[in-house]
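Below are the chains, spelled out letter by letter.
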Amino acid sequence: TKANIGVVGMAVMGSNLARNLAHHGYRVAVFNRTYAKTQTLIAEHGDEGEFIASEHIEDFVASIAEPRAIICMVKAGGPTDATIEELLPLLSPGDVIMDGGNAFFRDTIRREKYVSGKGFHFVGAGISGGEVGALTGPSIMPGGTPESYRILGPMLETISAHYEGEPCCAWMGPDGAGHFVKMIHNGIEYSDMQVIGEAYELLKAVGLSNQECAQTFASWNEGELSSYLVEIAAEVLRQKDPRTGKDFIDIVADRAQMKGTGTWTVQTALELGVATTGIGEAVFARAESSLDELRAAGRTALKGPDRTVSVNDRDAFIENIRKALWCSKVVSYSQGFDEIRAGGAEFGWDIDVAEAAKIWRAGCIIRAELLEQIRQEYSTDPKLVSFMAAPSIAPKMAEYQDAWRSVVAAAVTAGVPAPVFSATLAYYDAARAPRVNAALTQGLRDLFGSHTYERIDDHGHFHLEWSGDRSETRID
Ligand code: 6PG
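Rules and cut-offs
Residues numbered from 1 in each chain as written. Predicted model: local features only at pLDDT ≥ 70, side-chain atom pairs only at ≥ 80, totals over all residues. UniProt positions renumbered as here; feature names shortened; annotations may be inferred. Near = placed C-beta within 6 Å. Helix = DSSP H or I, 4+ residues; strand = E, 2+ residues; numbered from the N terminus. Nonpolar A, V, L, I, M, F, W, Y, C, P; charged D, E, K, R; others polar. Domains from an automatic or database assignment. Axes fitted to C-alpha atoms, helices over the stretch in contact; angles between N-to-C directions. Parallel < 35°, antiparallel > 145°, perpendicular 65-115°, else oblique. Contact = placed C-beta atoms within 7 Å. Pairing = 2+ DSSP bridges. Expected span 1.5 Å × (residues − 1). Buried ≥ 20, exposed ≤ 12 C-beta atoms within 10 Å, placed from the backbone. Left-handed = near helix turned anticlockwise from the far one by under 90°.

For the chain, the name recorded in an unreviewed UniProt entry is 6-phosphogluconate dehydrogenase, decarboxylating, with Propionibacterium cyclohexanicum as its organism. The Function (unreviewed entry) comment attached to the chain in UniProt states, word for word, "Catalyzes the oxidative decarboxylation of 6-phosphogluconate to ribulose 5-phosphate and CO(2), with concomitant reduction of NADP to NADPH." If you open the UniProt record of the chain and go to Subunit (unreviewed entry), you find "Homodimer."

Shown next as structure tokens:
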């Protein structure tokens, strides 16, 4: 009998997904360019379920029942296109190719157009949860035709993580919608990690040891900050270096790397005109951390305070950091969800924002208690302008803001960089200010370049004759 589904690419993510499918009773066809990897999977895990291993891609495709569902788990970029090219001549009309890598959504739009033009379905699915998630239940964000979801959806929902019985997998919309939502997930992942790092630096600045910081994160994880990233922050900080016995965190080089999804989130936000400042600062912070020459020069040439925060009541300050973390997290998520909505409108996807929050409640890297609240708010009011201004959130922001301000002020005074803490606070303040400095920007633009301005008391665009009699001209 034929396989229910096929998986191409037997690196960790691919083989773990294949095993996950097999654990749930699916017969899984597996293929890898180098057959040895497939053989390793079968040798090590072949008894976990039903696998059909093929050395040649023709046999692999032929071993899958029609309409075929084939999950492609190869390296993003060129290898994905190459695999599609190899599969296309072997498919039958109505077959589905799913790309489960971290593809850029614009590539997914292109690939979907190309593959559907040949009579097949192409699904771009974001998969989050890392290697363990792929094996035990990831969060899955598929985009493509509704018909392709009828074929793939039930299997994906079965193997996904579940939150109170509900699968963490849902159809996000046509073509690039799934990878777009995954991109935003990763952007939020960046800001979450950066702001956790900022909290850690501030905890150290008031004198906490790594072990005490670990304790603090662990206790925060019991409350409203409960999230996978806070939980594993405690784990990383508790860890000892197996070589030297020192705290692991202190022997890791202080340069954050990235594979690009955060950068895409910010690039796309800039194109959409959405101010995802939390994610933006997180991407820039990783970039600055890796500018070795700048940091070497800065360490000698640039003077400032020595990064110690002195406070009368240390516990009270730690509690302020906890509140600041919650506020910054709310703003970053708010901005990310704004980008999902803007992208949905721009690319014609009509993404259900509450659905995105729903499938992020378990399985994915940014899983957090907050996501259930986000889901509730967006399902109660799908037109919600901004999550941070939601009925259950805004009053708490009001309550926590003094703590947040004191943390940002302390960081600035002590010389501890806290770009996400401060940028998200600035965003909050800009959103609530009756006027920001935009009017002056418009005045300057009109003076130096006749770029026109609008009035508060009239419609249309105007220009002042700055170099003449300073009379006003209506432009339109
Ligand atoms: C996930 C993760 C994952 C990603 C890493 C690396 O949702 O499981 O987002 O897809 O590979 O987080 O991202 P960076 O290398 O850019 O940090």
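Caption draft 1: View of the site of the ligand. The local shell around the ligand holds 13 residues, among which Ser128, Asn186, Met258, Lys259 and Ile365 are the closest. Contributing elements (two or more residues each) for the shell around the ligand: helix 8 (177–205) and helix 12 (261–272). Classifying every residue of the shell around the ligand by side-chain character gives three nonpolar, eight polar and two charged. The residues that make up the shell around the ligand include at least three from each of domain 1 (5–175) and domain 2 (182–432).

Caption draft 2: Looking closely at the packing of helix 13 (residues 277–289) against helix 15 (residues 314–346). The geometry of helix 13 relative to helix 15 is characterised by a closest axis approach of 7 Å and an angle of 105° between their N-to-C directions. When the interaxial angle is binned, helix 13 and helix 15 end up roughly perpendicular. Contacts between helix 13 and helix 15 involve Thr277, Gly278 and Ile279 from the former and Ser328, Val331, Ser332, Gln335 and Gly336 from the latter. Its residues assigned to classes, the contact of helix 13 with helix 15 shows two nonpolar, six polar and no charged.

Caption draft 3: Layout of the sheet that holds strand 2 (residues 28–31). Here seven strands make up an open sheet; going across it, the order is 3-2-1-4-5-6-7 and the pairing mixed. Strands with a single pairing partner mark the edges of an open sheet, and in this sheet they are strand 3 (51–53) and strand 7 (139–143). Taken pair by pair, the neighbouring strands of this sheet meet at an average axis angle of 25°, ignoring direction. As defined by bridge partners, strand 2 adjoins strand 3 across three bridges and the pair is classed as parallel. What sits directly across from Val30, in strand 3, is Ala53. Seen against the sheet, helix 5 (residues 105–117) touches strand 5 (96–99), strand 6 (121–128) and strand 7 and runs at an angle of roughly 150° to strand 6. Each of strand 6 and strand 7 is contacted by helix 8, which is oriented at about 15° to strand 6, the strand it contacts most.

Caption draft 4: Expanded view of helix 17 (residues 369–380). End to end, helix 17 covers 18 Å across twelve residues, agreeing with the expected 16 Å (1.5 Å per residue, within 8%). Taken as a whole, helix 17 has its buried residues at Leu370, Leu371, Ile374, Arg375, Glu377 and Tyr378. The secondary structure elements touched by the buried residues of helix 17 are helix 15 and helix 16 (353–359).

Caption draft 5: The domain arrangement of the chain, seen in detail. Under the domain assignment, the chain is made up of domain 1 (5–175), domain 2 (182–432) and domain 3 (438–474). Summarising the inter-unit geometry, the C-alpha centres of domain 1 and domain 3 are found 56 Å apart.

Caption draft 6: Region of interest: the packing of helix 12 against helix 13. Running from N to C, helix 12 and helix 13 point in directions that differ by 135°, and their axes come no closer than 9 Å. Classified by the interaxial angle, the pair formed by helix 12 and helix 13 is oblique. Remark: the crossing between helix 12 and helix 13 carries left-handed chirality. Every residue of helix 13 that contacts helix 12 at Gly262, Thr263, Thr265 and Val266 is listed here: Ile279, Gly280, Ala282 and Val283. Taken together, the residues that form the contact of helix 12 with helix 13 break down as four nonpolar, four polar and no charged.

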